[in-house]
Amino acid sequence: MSMPILQKENIVLRAQVENKTEAIRLAGQILVDHGYVEDAYIDKMFEREALTSTYMGNFVAIPHGTEDAKQFVKHSGISIVQIPDGVDFGDGNIAKLLIGIAGKNNEHLEILSKIAIVCSEEEHVETMIKAATEEEILRLLSEVN
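The name recorded for the protein in an unreviewed UniProt entry is Mannitol-specific phosphotransferase enzyme IIA component, from Geobacillus sp.. In its Function (unreviewed entry) section, UniProt records this for the protein: "The phosphoenolpyruvate-dependent sugar phosphotransferase system (sugar PTS), a major carbohydrate active transport system, catalyzes the phosphorylation of incoming sugar substrates concomitantly with their translocation across the cell membrane. The enzyme II CmtAB PTS system is involved in D-mannitol transport."

A.B. asks: Give me the lowdown on the pattern of salt bridges, citing residues and values where you can.
C.D. replies: Side chains that differ in sign of charge can pair as their charged atoms come close. Inspection of the entire model under this criterion finds seven salt bridges. Aspartate 68 is the partner of lysine 44 in a salt bridge, and the nearest nitrogen-oxygen pair spans 3.1 Å. Residue lysine 44 is found in helix α2 (residues 40-51), and its partner aspartate 68 is found in the loop between β3 (60-61) and β4 (77-88); the two are separated by 24 residues along the sequence. Since its relative accessible area comes to 41%, aspartate 68 is described here as partly exposed. A salt bridge links glutamate 110 to lysine 114; the shortest N-O distance between them is 3.2 Å. Taken together, the residues span about one helical turn, with glutamate 110 and lysine 114 both in helix α3 (residues 107-119) at a distance of four residues. Relative accessible area serves as the criterion here: at 47%, glutamate 110 is assigned to the partly exposed category. Taking the relative accessible area as the measure of exposure, lysine 114 reaches 25% and is therefore partly exposed. A single salt-bridge network, built from bridges that share partners, covers Lys44, Glu47 and Asp68.

A.B. asks: Got a sec to walk through the packing of helix α1 (residues 20-33) against α2? Specific residues and values, please.
C.D. replies: Where α1 contacts α2, the two axes come as close as 9 Å, and the packing angle between them is 145°. With respect to the hand of their crossing, α1 and α2 are arranged in right-handed fashion. Residues Lys20, Thr21, Ile24, Arg25, Ala27, Gly28, Gln29, Leu31 and Val32 of α1 lie in contact with α2, whose contacting residues are Tyr41, Ile42, Met45, Phe46 and Glu49. Looking at the contact of α1 with α2 residue by residue, the class counts come to eight nonpolar, three polar and three charged.

Definitions and limits used
- Residues numbered from 1 in each chain as written.
- Predicted model: local features only at pLDDT ≥ 70, side-chain atom pairs only at ≥ 80, totals over all residues.
- Heavy atoms only, no water.
- UniProt positions renumbered as here; feature names shortened; annotations may be inferred.
- Salt bridge = Lys/Arg side-chain N within 4 Å of Asp/Glu carboxyl O.
- Helix = DSSP H or I, 4+ residues; strand = E, 2+ residues; numbered from the N terminus.
- Buried < 20%, exposed > 50% of the residue type's maximum accessible area, 1.4 Å probe, protein only.
- Axes fitted to C-alpha atoms, helices over the stretch in contact; angles between N-to-C directions.
- Left-handed = near helix turned anticlockwise from the far one by under 90°.
- Contact = heavy atoms within 4.5 Å.
- Nonpolar A, V, L, I, M, F, W, Y, C, P; charged D, E, K, R; others polar.

Laid out in structure tokens, this is it:
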């Protein structure tokens, strides 16, 4: 059974988190809760973050698992966590939008490139950071499905 990569239930608006760890855990837990990944994937997201920050600039972070995390991915999917107050990703980098990614096989590269195209437009990122409804974000990221 094929699942949509992004659905309304994968989006959390106005999240309140204390730190980067909480933010990444939330992005991963959404993927777990909706059947995209196994619990162990979240640990791999933290391993990946320890290697190098997943902060991409423009208030966006894209936490994802390490290369060996693929065994824990059931379906390709993304989670969106909107953090209007921002969370420090280190070195003064503030993330207001987390896009958690889990790619089955090698789909994560394709998903990443579609997200990168959307996030390369500052006004798109601004729209997602200020979005009042999940639908606003779904419209901008409709290409990933």
